[in-house]
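Below are the chains, spelled out letter by letter.
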Amino acid sequence: MKLTERKRESIIEAAIEEFRAQGFLGAKTTRIAKLAGVSSRTLYNHFETKEALFDVVSEIMLARSNVMSPVSYDPSRGLEEQLIEALEKYIGVITNSDSIGLQRIVISEFLRDLERSRTFFAKAASHDYPVTKLISEAMDSGALRKADPEYAANQLLGLVKSFFFWPEFLLGEKPKADGIMQDCVAMFLSYYKTS
């Protein structure tokens with residue numbers, strides 16, 4: 001990695017730390033530069049504004065949330081088992097400590113800045129959830145009734161995130177009861193499964 005790339009990475013990591021500690025409004029580029037071990041001039045050579053730096057942090061959050069590849073449907077295996085397996089992996093990705101930390105930084109700013117939120121969610125809309133492909137292929141095979149796979153994936157993830165993501169994000173708590181994922185998938189399948 002070239003020196004300029006290392007400096008850029010140091011600036012981004014320092015910005016994440018500063019945004020986490022101070023929030024977007026309280027964050028200072030002078031502190032970010034100091035944390036990164038670079039001059040303010042160097043920081044501004046890489047990022048014209050604090051907003052531009054925050055946008056990069058938002059993009060990193062989105063990229064880290066989308067590291068899981070789309071999951072294909074395997075007709076030789078039970079659909080319930082495949083959904084549970086895929087959802088457990090996905091929840092593991094979005095609730096690891098780095099991911100939760102980034103999401104807390106970014107989402108708190110979205111609550112304050114509606115335009116930034118709209119821009120981010122427009123970008124995020126182009127990324128499919130990993131289970132969307134699984135649901136789509138299960139619909140194509142007849143294992144699930146035909147519907148909009150993105151809509152169905154959002155319904156399922158809405159259920160799952162209410163138990164696995166939001167308590168972790170807001171309270172730092174994991175689900176206390178066993179069988180929650182199975183219940184969410186069973187509820188989804190009771191509406192979409194063909195037979």
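Further up the page is the structure itself.
Just so it is clear, the structure is predicted and the values come from calculations on it, not from any experiment.

Trainee: Pulling in residues and values, what's your account of the overall build of the protein?
Mentor: Within the protein one finds eleven helices and zero strands. Traced from its N-terminal end to its C-terminal end, the protein shows the element sequence α-α-α-α-α-α-α-α-α-α-α. When the backbone C-alpha atoms are referred to their principal axes, the protein occupies close to 65 × 35 × 30 Å. With 195 residues in all, the protein has 42% of them scored as buried.

Trainee: Go over helix α4 (residues 50-65) with me, naming the residues and quoting the values.
Mentor: Helix length check: α4 (16 residues) gives 23 Å between terminal C-alpha atoms against 22 Å at 1.5 Å per residue, within 8%. Taken residue by residue, α4 has Lys50, Leu53, Phe54, Val56, Val57, Ser58, Ile60, Met61, Leu62 and Ser65 as its buried positions. Contact partners of the buried residues in α4: α1 (3-26), α2 (29-36), α5 (79-94), α6 (97-112) and α7 (114-124).

Trainee: Break down the nonpolar core for me, citing the residues and quoting the values.
Mentor: Ranked by size, the top nonpolar core spans 35 residues in total, and within it Leu79, Leu83, Leu87, Ile135, Leu144, Val160 and Phe188 carry the most contacts. Secondary-structure elements contributing two or more residues to this core are α5, α6, α8 (130-141), α9 (149-164) and α11 (180-192). Here this core gets nine residues from one element, more than from any other, and that element is α5. Here Leu83 is in contact with Leu134, Ile135, Leu156, Val185, Phe188 and Leu189, once residues within four sequence places are set aside. Of all hydrophobic cores here, the second largest spans 27 residues; its members include Ile11, Val38, Val57 and Leu102.

Trainee: Describe the side chain of Glu109, with residues and values.
Mentor: As for its position among the elements, Glu109 is in helix α6. Among the polar contacts made by the side chain of Glu109, one reaches the side chain of Arg116 at a distance of 3.2 Å. Not counting residues up to four positions away in its chain, the partners in contact with Glu109 are Phe24, Phe54 and Arg116.

Trainee: Quick rundown of the pattern of salt bridges? Include the residues and the values.
Mentor: In the structure shown here, the tally under the stated rule is twelve salt bridges. A salt bridge links Arg116 to Asp113, with the shortest nitrogen-to-oxygen separation between them at 3.5 Å. A salt bridge links Glu115 to Arg118; its shortest N-O distance comes to 3.8 Å. Taken together, the positions of Glu115 and Arg118, both in helix α7 and three residues apart, correspond to about one turn of that helix. In this structure Glu115 comes out as partly exposed when scored by relative accessible area, which is 49%. The network of salt bridges with common partners includes Asp55, Glu109, Arg112, Asp113 and Arg116.

Trainee: Please give an account of the packing of aromatic side chains that cites residues and values.
Mentor: In total, this model carries twelve aromatic pairs according to the counting rule given. Centre to centre, the rings of Tyr191 and Tyr192 are 4.9 Å apart; their planes meet at 90°, and the pair counts as edge-to-face. Classification of Tyr191 as exposed rests on a relative accessible area of 52%. Chaining the aromatic ring pairs together yields one cluster made of Phe19, Phe24 and Phe54. Directly above the aromatic system of Phe169 lies the positively charged group of Arg104, at a separation of 5.9 Å from the ring centroid.

Trainee: Any chance you could break down the environment of Phe164 for me, citing the residues and the numbers?
Mentor: Along the chain, Phe164 falls in helix α9. Once residues lying within four places of it in the same chain are set aside, the contact partners of Phe164 are Ile91, Thr95, Pro175, Ile180 and Met181.

Trainee: Describe the environment of Thr49, and please don't skip the residues or the numbers.
Mentor: Within the secondary structure layout, Thr49 lies in the loop between α3 (40-46) and α4. A sequence separation of 20 residues divides Thr49 from Ser69, and the C-alpha atoms of the two residues are 33 Å apart. In this structure the side chain of Thr49 is engaged in a polar contact, spanning 2.9 Å, whose partner is the backbone nitrogen of Ala52.

Reading guide: rules and limits
Each chain has its residues counted from 1, running along the sequence as written. Local features are withheld for residues below a pLDDT of 70 in this predicted model, meaning they are given only at 70 or higher, and side-chain atom pairs are given and counted only at 80 or more; totals for whole chains, interfaces and linings count all residues. Hydrogens and waters are ignored; side-chain quantities use all the structure's heavy atoms. Secondary structure is summarised from DSSP: a helix means a run of H or I of at least four residues, a strand means a run of E of at least two, and numbering begins at the N terminus for each. Buried means the residue's accessible area, taken with a 1.4 Å probe over protein chains only, is under 20% of the maximum for its type, while exposed means over 50%, and partly exposed covers the values in between. The length a helix should cover is 1.5 Å for every residue beyond the first. Here a residue-residue contact requires only that any non-hydrogen atoms of the pair lie within 4.5 Å. Side-chain atoms within 4.5 Å link the members of a nonpolar core, which is a set of buried Ala, Val, Leu, Ile, Met, Phe, Trp, Tyr and Cys residues. Here a polar contact is taken to be a pair of N or O atoms separated by no more than 3.5 Å, where protein atoms must pair a possible hydrogen donor with a possible acceptor and residues adjacent in sequence count only if both atoms sit in side chains. Salt-bridge detection follows one rule: a side-chain nitrogen of Lys or Arg within 4 Å of a carboxyl oxygen of Asp or Glu. By convention, a stacked pair of Phe, Tyr or Trp rings (six-membered ring in the case of Trp) has centres within 6.5 Å and planes under 30 degrees apart, an edge-to-face pair has planes over 60 apart, and any other such pair is tilted. Both a distance and an angle decide whether a charge sits over a ring: NZ of Lys or CZ of Arg must be within 6 Å of the ring centre and within 35 degrees of the ring normal.

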